[in-house]
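Survey of secondary and tertiary structure
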Amino acid sequence: MLTEALLAAGAASYVASTVLPIRGLHDWLVGGAVFRLASPGVAPTFDDGPDPERTPALLDVLARAGAKATFFLVGKCAAAHPDLVRRIAGEGHAIGNHTFTHAWLPGLSARRIEAELARCQDVLADVTGARPRLVRPPYGQRDFRFYRIARRLGLTPVLWSLDSRDWTGASSETILRRARRAGPGDVVLLHDGDPRARGTLAALTEWLATPPPVPLQRIDLA
């Protein structure tokens, strides 16, 4: 009975740390993933772009506020919109790898996981002249193979500590309310490339209308 209970607990931990953006079994097997900042700032992060309509508007809001963020870009979108990628980098934001096709990584072979990450690295390096050092798995879903491959490619996995839930189609008021919960060290999940995130721009505009009590910053590795 005890053995069965331990096996069940281990299986539950494995599944939870694969499908949820929380520390779990994979993080014990292969360490180094970032869930929170070591510094006292708040890191807004945007996934799934660049998008020719949403990304420029979000960049305008960030520029007016003098705020920096981190953009996890999908390789095929970056290849289609290289000028947007250059603008993101040129305005001082950090850029991370979000795979080439926004693939569900736990369902892929190790070879295909590596191809997704490597191809996105190549695109972003070709466009910006620099290879990203950050990577975020789509949907926050990953396993120890992803961690090992990321390490081999010189990438640090970044998850998040606060989900704005803009990807659910939440209203701007709901997104804003959640964003304002962010405190020192929080990494906030937002989206510029997800069409369901219709309230993100208005929420970000309101959030930055007055300086947040905790400064916003891009994610920089020491």
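For every chain, the first residue of the written sequence is number 1, and numbering continues from 1 onward in sequence order. Local features in a predicted model are, by the rule used here, given only for residues with pLDDT of at least 70; side-chain atom pairs are given and counted only at 80 or more, and totals for whole chains, interfaces and linings are based on all residues. To get the side-chain values, take all heavy atoms of the structure and skip hydrogens and water.

Another aspect to go through is the packing of helix α8 (residues 172–179) against helix α9 (residues 200–207). At their nearest, the axes of α8 and α9 sit 8 Å apart, and the two run at 45° to each other. Taken together, the axes of α8 and α9 lie oblique to each other. By crossing handedness, the relation of α8 to α9 is classed as right-handed. Where α8 approaches α9, its residues Ser-172, Ile-175, Leu-176 and Ala-179 are matched on the opposing element by Thr-200, Ala-202, Ala-203, Glu-206 and Trp-207. Here the axes come from fitting lines to C-alpha atoms, over the contacting stretch only for helices, and the angles between their N-to-C directions go from 0 to 180 degrees. Counting from the N terminus, the helices are DSSP H or I runs at least four residues long and the strands are E runs at least two residues long. Our angle categories are set so that under 35 degrees counts as roughly parallel, over 145 as roughly antiparallel, 65 to 115 as roughly perpendicular, and the remainder as oblique. Helix crossings are classified by the rotation of the near helix relative to the far one: an anticlockwise turn of less than a right angle makes the crossing left-handed, while a clockwise turn makes it right-handed. The contact criterion used throughout is that any non-hydrogen atoms of two residues lie within 4.5 Å.

Taken as a whole, the protein chain shows an average pLDDT of 91; of its residues, 91% reach a score of 70 or greater. Segment residues 2–12: pLDDT under 50, and one contact once partners within four positions in sequence are set aside and those in other chains are kept. Confidence scores here are pLDDT values: one per residue, from the predictor, ranging 0 to 100.

Once that is clear, we can look at the pattern of salt bridges. Oppositely charged side chains may form a pair once their charged atoms are brought near each other. A carboxyl oxygen of Asp or Glu within 4 Å of a side-chain nitrogen of Lys or Arg is what we treat as a salt bridge. All told, the structure shown has 12 salt bridges when counted by the stated rule. Arg-36 is the salt-bridge partner of Asp-186, the closest N and O atoms lying 2.8 Å from each other. One end of the pair, Asp-186, is in the loop between α8 and β7 (187–191); the other, Arg-36, is in the loop between α2 (25–29) and β1 (43–49), and 150 residues separate them in sequence. Only protein chains enter the accessibility calculation, which uses a 1.4 Å probe. A residue is then buried if its area is under 20% of the maximum for its type, exposed if over 50%, and partly exposed in between. Assessed through its relative accessible area of 9%, Asp-186 is described here as buried.

On to the pairing of β1. Counting buried residues along β1, seven of its seven residues qualify, which places the element largely inside the surrounding structure. Here β1 runs beside β7; their pairing, made up of five bridges, is parallel. Its bridge partner being in β7, Thr-45 is matched across the sheet by Leu-189. DSSP-based pairing: two strands are paired if at least 2 bridges between them are found. Summarising the sheet, β1 and strand β2 (residues 70–73) pair through four bridges and their orientation is parallel. Residue pairing in the sheet places Thr-45 in a bridge with Thr-70 of β2. The crossover handedness rule: strands pointing away from the viewer, path from first strand over the helix to second strand clockwise, crossover right-handed. Assessed by its sense of winding, the connection that carries the chain from β1 through helix α3 (residues 54–65) to β2 is right-handed.

Let us look at the side chain of Arg-136. Mapped onto the elements, Arg-136 comes out in the loop between β4 (134–135) and α7 (144–152). The exposure class of Arg-136 is buried, given its relative accessible area of 0%. Definition of a polar contact: a pair of N or O atoms within 3.5 Å, with one able to donate and the other able to accept a hydrogen when the atoms are protein atoms, and with sequence-neighbouring residues admitted only if both atoms are side-chain atoms. Polar side-chain contacts of Arg-136 include one of 3.1 Å to the backbone oxygen of Val-158. In this structure the side chain of Arg-136 is engaged in a polar contact, spanning 2.6 Å, whose partner is the backbone oxygen of Leu-159.

A separate point is the layout of surface pockets. Over the atoms rolls a probe the size of a water molecule, and in doing so it shows where empty space is left. Buriedness of a pocket was judged along seven lines, with at least five required to meet protein on both sides within 12 Å; pockets are open sets of points on a 1 Å grid over the protein atoms alone, cavities are sets where a 1.4 Å probe fits but cannot get out, and lining residues have an atom within 4 Å of a point. Grid points are joined across faces, edges and corners, and a volume is the space filled by probe spheres set on the points. Approximately 260 Å³ is the volume found for the second largest pocket. Contributing to the lining of the second largest pocket are 14 residues, with Ala-94, Ile-95, Pro-132, Arg-133 and Arg-218 lying nearest its centre. Under the grouping applied here, Gly and all other residues not named as nonpolar or charged are polar, the nonpolar ones being Ala, Val, Leu, Ile, Met, Phe, Trp, Tyr, Cys and Pro and the charged ones Asp, Glu, Lys and Arg. Classifying every residue of the lining of the second largest pocket gives eight nonpolar, two polar and four charged.

The next thing to look at is the packing of aromatic side chains. Aromatic pairs are defined between Phe, Tyr and Trp rings, using the six-membered ring for Trp, whenever the two ring centres lie within 6.5 Å; interplanar angles under 30 degrees are classed as stacked, those over 60 as edge-to-face, and all others as tilted. All chains considered together, the criterion is met by two aromatic pairs. Pairing Phe-46 with Phe-71 gives two aromatic rings, centres 5.1 Å apart and planes at 20°, and the pair type is stacked. On the criterion of sequence distance, the pair formed by Phe-46 in strand β1 and Phe-71 in strand β2 is long-range, its members being 25 residues apart. The burial state of Phe-46 is the same as that of Phe-71; both residues are buried. Summarising the aromatic geometry, the rings of Phe-146 and Tyr-147 are spaced 5.8 Å apart at their centres and angled 45° between planes, so their arrangement reads as tilted. Note on criteria: charge over ring means Lys NZ or Arg CZ within 6 Å of the ring centre, with the direction from the centre no more than 35 degrees off the ring normal. Directly above the aromatic system of Phe-100 lies the positively charged group of Arg-119, at a separation of 3.8 Å from the ring centroid.

One pass over the full model with this rule turns up one cavity of 30 Å³ or more. In terms of lining, the largest cavity is formed by Ile-175, Leu-176, Ala-179, Leu-190, Ala-203, Leu-204 and Trp-207. Of the residues contributing to the lining of the largest cavity, the split by class is seven nonpolar, no polar and no charged.

Because side chains alternate across strand β3 (residues 94–97), one face comprises the buried residues Ala-94 and Gly-96, and the other comprises Ile-95 and Asn-97, equally buried. Taken together, the four bridges between β2 and β3 define a ladder with parallel strand orientation. For Phe-71, the partnering residue across the bridge sits in β3 and is Ile-95.

The next point concerns unusual backbone geometry. Cis geometry marks the peptide bond from Gly-49 to Pro-50; its omega dihedral reads 5°. With respect to the helices, strands and loops of the structure, Pro-50 is situated in the loop between β1 and α3. Although it is not a glycine, Asp-48 adopts a positive phi angle of roughly 85°. You can see Asp-48 is positioned in strand β1.

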